[in-house]
Amino acid sequence: ATLVHYADLLRLAFLVLPLAKFSLKPHRTKRSLPKWLIPNPALVDLALRQEGLRGFVFENLVGSHLANLLYGKHRYEISYFREGNQEIDFIVTRQHEPVLAVEVKSGRVKKVLTQEALAQKGITAKYLVITPTNCQAILATKSVEEIMAI
């Protein structure tokens, strides 16, 4: 209970943001471990950026941008999707329906789920793969609707 309490204190101080696992069956999200996001990328230590954790830093940058765009917009939520070895970094839902799926790749784009594979999982949302070459357009947006229009 102590770790849960400390994690909740960090969340209340806006230092970390726990993301729930997305599932079409809401009872399955409660039992899954959260994915942690640092909503202020300035708090990510410079040492992490230099020690081979570039993927984490880049994913956190994109995720924190999404989380900040959604802050205070109660009809939206951000989560992640994982089923076996298949993962989507961020799922944005509006009133519990997926509207945006975002996969973040900091290096070479190797294996990513296809739009068809997502649809088979019940996620029929706009799907973006964000890389260092196309991230500037995403990070310059001021709303989720603007991202969905890209």
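Residues numbered from 1 in each chain as written. Predicted model: local features only at pLDDT ≥ 70, side-chain atom pairs only at ≥ 80, totals over all residues. Heavy atoms only, no water.

Peer 1: Could you clarify how one ought to interpret the overall build of the chain in this entry?
Peer 2: Across its full length, the chain carries 6 helices and 6 strands. The secondary structure elements of the chain, listed N-terminal to C-terminal, are α-β-β-α-α-β-β-β-α-β-α-α. On C-alpha atoms alone, the chain measures out to a radius of gyration of 15 Å, which is about the 15 Å that the 2.2 N^0.38 rule sets for 150 residues. Over its C-alpha atoms, taken along the principal directions, the chain stretches across nearly 40 × 35 × 30 Å. By residue count, 38% of the 150 residues in the chain fall in the buried class. Long-range contacts, defined here as pairs at least 24 residues apart, represent 52% of the contacts in the chain between residues at least 6 apart. Accessible surface computed for the chain: about 9500 Å², of which carbon and sulfur atoms make up 56%. (Helix = DSSP H or I, 4+ residues; strand = E, 2+ residues; numbered from the N terminus. Rg over C-alpha atoms; globule rule 2.2 N^0.38 Å. Buried < 20%, exposed > 50% of the residue type's maximum accessible area, 1.4 Å probe, protein only. Contact = heavy atoms within 4.5 Å. Areas by Shrake-Rupley, 256 points an atom, 1.4 Å probe, with all protein chains shown as cover.)

Peer 1: Is there a simple way to explain the pattern of salt bridges in this structure?
Peer 2: Should the charged atoms of two oppositely charged side chains come close, the side chains can pair. Going through the model one piece at a time under the given rule, you end up with 8 salt bridges. Note that Arg 75 is salt-bridged to Glu 145, the shortest N-O span being 3.5 Å. Here Glu 145 lies in helix α6 (residues 144–148) and Arg 75 lies in the loop between α3 (54–70) and β3 (76–83), a separation of 70 residues in the sequence. Using a relative accessible area of 44% as the deciding quantity, one classes Arg 75 as partly exposed. Measuring nitrogen to oxygen at the nearest pair gives 3.4 Å for the salt bridge that ties Lys 105 to Glu 103. Glu 103 shares its class with Lys 105; the two are buried. Through salt bridges with shared partners, a single ionic network connects Lys 35, Glu 59, Arg 82, Glu 87 and Asp 89. (Salt bridge = Lys/Arg side-chain N within 4 Å of Asp/Glu carboxyl O.)

Peer 1: Quick question: what am I supposed to make of the sheet that holds strand β4 (residues 86–94) here?
Peer 2: Strand pairs in the sheet, formed through backbone hydrogen bonds, run parallel or antiparallel to each other. Read across the sheet, 6 strands follow the order β2-β1-β3-β4-β5-β6 without closing on themselves; strand pairing throughout is mixed. Each edge of the open sheet is held by one strand with a lone partner, namely β2 (35–37) and β6 (126–130). For this sheet, the mean inter-axis angle between neighbouring strands, taken without regard to orientation, is 35°. Note that strand β1 (residues 17–21) and β2 share 3 bridges and pair antiparallel. (Pairing = 2+ DSSP bridges. Axes fitted to C-alpha atoms, helices over the stretch in contact; angles between N-to-C directions.)

Peer 1: Help me understand the side chain of Glu 103, please; the structure alone is not making it clear to me.
Peer 2: Its place among the elements puts Glu 103 in strand β5 (residues 97–104). Within polar-contact distance, the side chain of Glu 103 engages the backbone nitrogen of Asp 89 at 3.3 Å. (Polar contact = N/O pair within 3.5 Å; in protein donor to acceptor, adjacent residues only side chain to side chain.)

Peer 1: Help me out: how do you make sense of the confidence of the model for the chain in this one?
Peer 2: When pLDDT is low, close inspection of the predicted coordinates is not appropriate. In this model, the chain carries an average pLDDT of 88, and 91% of its residues clear a pLDDT of 70 or more. Within the chain, the lowest mean pLDDT, 66, falls on helix α2 (residues 46–50), and the highest, 96, falls on β5. (pLDDT = per-residue confidence, 0-100.)

Peer 1: Looking at this structure, how should I read the environment of Lys 21?
Peer 2: On the secondary structure map, Lys 21 appears in strand β1. Only 3.1 Å separates the side chain of Lys 21 from the backbone oxygen of Arg 82, close enough to count as a polar contact.

Peer 1: Explain the nonpolar core here, please?
Peer 2: Burial of nonpolar side chains together is a common tendency in soluble globular proteins. Ranked by size, the top nonpolar core spans 23 residues in total, and within it Phe 90, Leu 100, Val 102 and Ile 130 carry the most contacts. For this core, the elements supplying multiple residues, two or more each, are α3, β3, β4, β5, β6, α5 (135–139) and α6. Considering each element in turn, this core owes the most residues, 6 residues, to α3. Discounting residues that sit within four places of it in the chain, Phe 90 has contacts with Leu 19, Leu 37, Glu 59, Gly 63, Leu 66, Ile 78, Ser 79, Leu 100, Ala 101, Val 102 and Val 104. Listed in part, the 11 residues of the second largest apolar core include Phe 81, Leu 113, Ile 123 and Tyr 127. (Core = buried A, V, L, I, M, F, W, Y, C linked by side-chain atoms within 4.5 Å.)

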